[in-house]
Amino acid sequence: MLWFVLRRGGAALIVLFLASVLIFLGIRALPGDPALVMAGEDATPQAVAAIRHAYGLDKPLPTQYVDYVGQVLSGNLGRSTQDQLPVGQILVERLPVTLELSALALLVAIMIGVLSGIVAAVRRGRLADYVATGFGLIGLSVPHFWLGLLGILLFSVTLHWLPASGFIPFTQDPAGNLQRMVLPALVLGTGFAAVLMRQTRSAMLGALSADYVRTARSKGLSETKVVGAHALRNSLTTVITVLGLQLGALISGAVVVEQIFVLPGFGKLTIDAVLTRNYPVIQAVVLVTVTGYVLVNLLVDIAYALLNPRVRLSGGSRG
Amino acid sequence: MAEKTHPPEPIVRWNSGRADRRRRLWRRFRRRPMPMIGLTLVVAFLVLAVFGPLVSGDPSAQDYLATLMPPSIDHPLGTDDLGRDAFARVASGARTSLQAGVLSTLLAMAVGIPIGLAAGFYRRWLDSIVMRLVDVTLAFPFLVFAVGLAAILGPSLRGVVLALSFAQLPAVIRITRGEVLAIREMDYVSAAIADGATDGHILFRYILPNSAGPLIVQATVAIPTAIIGEATLSFLGLGVQPPTPSWGVMLSDAQQYLDQAPWLAIWPGLLIALATLGFNLLGDGLRDVLDPRSGP
């Protein structure tokens, strides 16, 4: 197991290294002089030269890369060109919003997706199965941003039940915070619920026809126990794999949902940064996202190995 | 090329002709309702994208005397905030959507298939390098990559197509490589090698045609993903730029007028959902017929 973790961790480090090189080169692949871009269009030549020197752009590329990694590791992500605030500080302010949104959305997805997947598998070929499968297909086909607009149209514009947008920190007003997060979390969670439902259903169907389930039934175990303790446990690996694979989609979805509901999170920061060409922020946002993504995938791999001994014995790779 | 003896025909022909096989697959496909519904939706989407703009008039024509009008005989889907006909914009948007979906998938296939073929056929260091690069590519969530590309290229349809095809590359490479690894062990490939066929001949005459099934299935998964991807990027302002009609841009505009003109937010989203649903159902059906091993 230790060997497995070390090997996976090493692979993750290599991916992070290559990703950081890509991000580093990406900002330098911009058309024109990055110093000029960072300084803004009507900066004086002195200001451009100062920026070039401040960012070490007058040094050779490998030196620049080492400097860049050193700065990132010491927590210095540069300053936003919009308001001159340290990028690290901006990220710390924005991240909790996105994390809350993602956590709530995952909760929605797991509650709806896994439960309906189990029900669909147990009641295969009956009404409950058709309803769940139908919703699953629709959930896969409806884009987040349309679902968000429909949600606002129904719950805010027509019924006046929920505010259409805005954000209040949880620490300030928990009720107000949740009231504003319910709709975004539902919108973001629905798509994943659909994916989870389909995967849970097919994993459960596989498990329910396996020999050990027949053995459990013939031992006279109750159906609840057969489904809960045997079939579900063996379907969990699938669910966890799917969660890991869907992480990228969760990040993309959060960006969209934050944009629709005007939540001051990481995603909105990203889009605003691109639209205002705020390169230090873009660079930091991409770096942090990729790092988080690689780390969570690493954790998923490890969780997967813990749940399924065959994986760590064969050292098999996913997907 | 000089005349040479031809190696035996691939087994996939079984003992009947290709037309027979196609007819048999079509019969199997047609038997169930869901794939047929999917096919119908996809054909309707194609018709809208190809012929819609020809009959609907100018999607950019503004009429300030008829802004935010509800659906009527003159404007079957209503008009937007600039008095532009929503049907004309929806039809042109279908074309943008189709372009993004098909172009990005073709580009990913054109780049990914040769890479996957080479990696699976020659293996060794080439395979290791390619698969590590695929891992790195997978470390970039699609939207992050699209954001980076929009930052470098500026928001445009070209950037969208590049980002979407890049996002599909890992899947195309993996599927092709996996197929090559399986097919190259087949007897008819060994026979072709023994017969002295060139690598190119083996790859493109024997291996590629027999990998077509999973790749076609992948395309039916990739196109709807790309359609949603284009709409999402355009919705966020990172994709197609106004005044070019795009379903994503239309929805983004509609958000400001939700209380006055809610219908503007209905049509583009409904069409995205129907087009996506159509491709998904079609893909499920094709998978059952062409690639029964994999499956949901």
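Residues numbered from 1 in each chain as written. Chains lettered and ligands numbered in written order. Predicted model: local features only at pLDDT ≥ 70, side-chain atom pairs only at ≥ 80, totals over all residues.

Digging into the overall build of chain B
Counting its regular elements, chain B contains 10 helices and 0 strands. Ordered by position from N to C terminus, the α and β elements of chain B give α-α-α-α-α-α-α-α-α-α. Expressed along its principal axes, the backbone C-alpha trace of chain B runs to roughly 75 × 45 × 40 Å. Burial status across chain B gives 47% buried among its 296 residues. Look at the contacts in chain B between residues 6 or more apart in sequence, and 72% of them connect residues 24 or more apart. (Helix = DSSP H or I, 4+ residues; strand = E, 2+ residues; numbered from the N terminus. Buried ≥ 20, exposed ≤ 12 C-beta atoms within 10 Å, placed from the backbone. Contact = placed C-beta atoms within 7 Å.)

Quick look at the overall build of chain A
In terms of regular secondary structure, chain A is built from 14 helices and 0 strands. Viewed in the frame of its principal axes, chain A has a C-alpha envelope of about 85 × 55 × 35 Å. Expressed as a percentage of the 319 residues in chain A, the buried residues total 39%. By sequence separation, contacts in chain A at least 24 residues apart represent 71% of the contacts at least 6 residues apart.

Observations concerning the nonpolar core
Grouped together as the largest cluster of nonpolar side chains are 156 residues, with contacts concentrated most on A:Leu101, A:Leu196, A:Ile282, B:Ala146, B:Val147 and B:Leu251. Those residues in contact with A:Ile282 that lie beyond four places of it in its chain are A:Ala273, A:Val274, B:Val147 and B:Ala151. (Core = buried A, V, L, I, M, F, W, Y, C linked by C-beta atoms within 7 Å.)

Things to note about the interface of chain A and chain B
Facing 36 residues of chain A, the contacting portion of chain B comprises 34 residues. Of all the secondary-structure elements, those providing two or more residues to the side of chain A that touches chain B are α1 (2-28), α6 (127-141), α7 (144-158), α8 (174-208), α11 (247-261), α12 (266-275) and α13 (279-307) of chain A. Examining the composition of the side of chain A that touches chain B, we find that 7 residues originate from one element, α11(A), more than from any other. In the side of chain A that touches chain B, the residues fall into 27 nonpolar, 8 polar and 1 charged. (Nonpolar A, V, L, I, M, F, W, Y, C, P; charged D, E, K, R; others polar.)

Let's talk about the environment of A:Ala121
All names here are of chain A. One can find Ala121 in helix α5 (residues 87-122). Along the sequence, Ala121 and Thr200 sit 79 residues apart, while their C-alpha atoms lie 8.2 Å from each other. Residues within four places of Ala121 in sequence aside, it is in contact with Arg201, Met204, Leu205 and Leu208.

Things to note about the UniProt feature "transmembrane region" (unreviewed entry) in chain B
Here, UniProt's "transmembrane region" (unreviewed entry) annotation points to residues 100-121, 133-153 and 260-283 of chain B. Note that residues 100-121 of chain B is 100% helix and 0% strand, and that its end C-alpha atoms are spaced 31 Å apart. (UniProt positions renumbered as here; feature names shortened; annotations may be inferred.)

Side note on the UniProt feature "domain: ABC transmembrane type-1" (unreviewed entry) in chain A
The positions UniProt marks with the feature "domain: ABC transmembrane type-1" (unreviewed entry) are residues 95-300 of chain A. Within the segment residues 95-300 of chain A, helix and strand shares are 83% and 0% respectively, and the terminal C-alpha atoms sit 21 Å apart.

Focus: helix α8 (residues 199-235) of chain B
Residues and elements named next belong to chain B. Taking 1.5 Å of rise per residue, the 37 residues of α8 would be expected to cover 54 Å, yet its terminal C-alpha atoms sit only 46 Å apart, more than 12% below that figure. A maximum bend of about 45° is found in α8 at Ala212, where proline Pro214 lies one to four positions downstream. Where α8 terminates, the next one or two residues include Gly237, which has phi positive at roughly 85°. (Expected span 1.5 Å × (residues − 1). Bend = angle between axes of the 7 residues up to and from the residue.)

A closer look at the packing of helix α2 (residues 33-56) of chain B against helix α3 (residues 86-122) of chain B
Residue and element names in this part refer to chain B. Packing of α2 against α3 brings their axes to within 8 Å, and their N-to-C directions diverge by 135°. Judged by the inter-axis angle, α2 sits oblique to α3. Relative to α3, α2 is oriented so that their crossing is left-handed. Here α2 contributes Phe45, Leu48, Ala49, Gly52, Pro53 and Ser56 to the contact with α3, which in turn contributes Phe87, Ala88, Ala91, Ser92, Ala94, Arg95, Ser97 and Leu98. Residue classes in the contact of α2 with α3 are distributed as 9 nonpolar, 4 polar and 1 charged. (Axes fitted to C-alpha atoms, helices over the stretch in contact; angles between N-to-C directions. Parallel < 35°, antiparallel > 145°, perpendicular 65-115°, else oblique. Left-handed = near helix turned anticlockwise from the far one by under 90°.)

Notes on the UniProt feature "transmembrane region" (unreviewed entry) in chain A
Residue and element names in this part refer to chain A. When the UniProt feature table is mapped onto this chain, "transmembrane region" (unreviewed entry) is found at residues 101-122, 134-161, 181-197, 239-261 and 281-307. Here residues 134-161 is 82% helix and 0% strand, with 28 Å between the C-alpha atoms at its ends. For residues 181-197, helix accounts for 100% and strand for 0%, while the C-alpha atoms at its two ends are 23 Å apart.

Some words on unusual backbone geometry
With the exception of glycine, the majority of residues adopt a negative phi angle, and the majority of peptide bonds are in the trans configuration. Unusually for a residue other than glycine, A:His160 sits at a positive phi of about 55°. The residue A:His160 is located in the loop between α7 and α8 in this model. You will see that B:Arg124, though not glycine, has its phi angle at about 50°, which is positive. Here B:Arg124 lies in helix α4 (residues 124-138). The exposed category is assigned to B:Arg124, around which 8 C-beta atoms lie within 10 Å.

Section: the environment of A:Pro184
You can see A:Pro184 is positioned in helix α8. Measuring from C-alpha to C-alpha, the distance between A:Pro184 and A:Ile14 comes to 35 Å, with 170 residues separating the pair along the chain.

Remarks on the packing of α5(A) against α12(A)
For any two helices packed against each other, one specifies the crossing angle of their axes together with the interaxial distance. All names here are of chain A. With their axes 7 Å apart at the nearest point, α5 and α12 run at an angle of 125° to one another. It follows from the interaxial angle that α5 and α12 lie oblique. Facing α5, whose interface residues are Ile90, Arg94, Leu95 and Thr98, α12 presents Phe266, Gly267 and Leu269. Across the contact of α5 with α12, the residue classes tally to 4 nonpolar, 2 polar and 1 charged.

Comments concerning the confidence of the model for chain A
All names here are of chain A. On average, residues of chain A score 80 in pLDDT, and 92% of them are at 70 or above. Across chain A, the secondary-structure element scoring lowest on mean pLDDT is helix α14 (residues 309-314), at 60, and the one scoring highest is α5, at 89. pLDDT under 50 marks residues 315-319. Its contacts with residues more than four places away, or in other chains, come to 4 contacts. (pLDDT = per-residue confidence, 0-100.)

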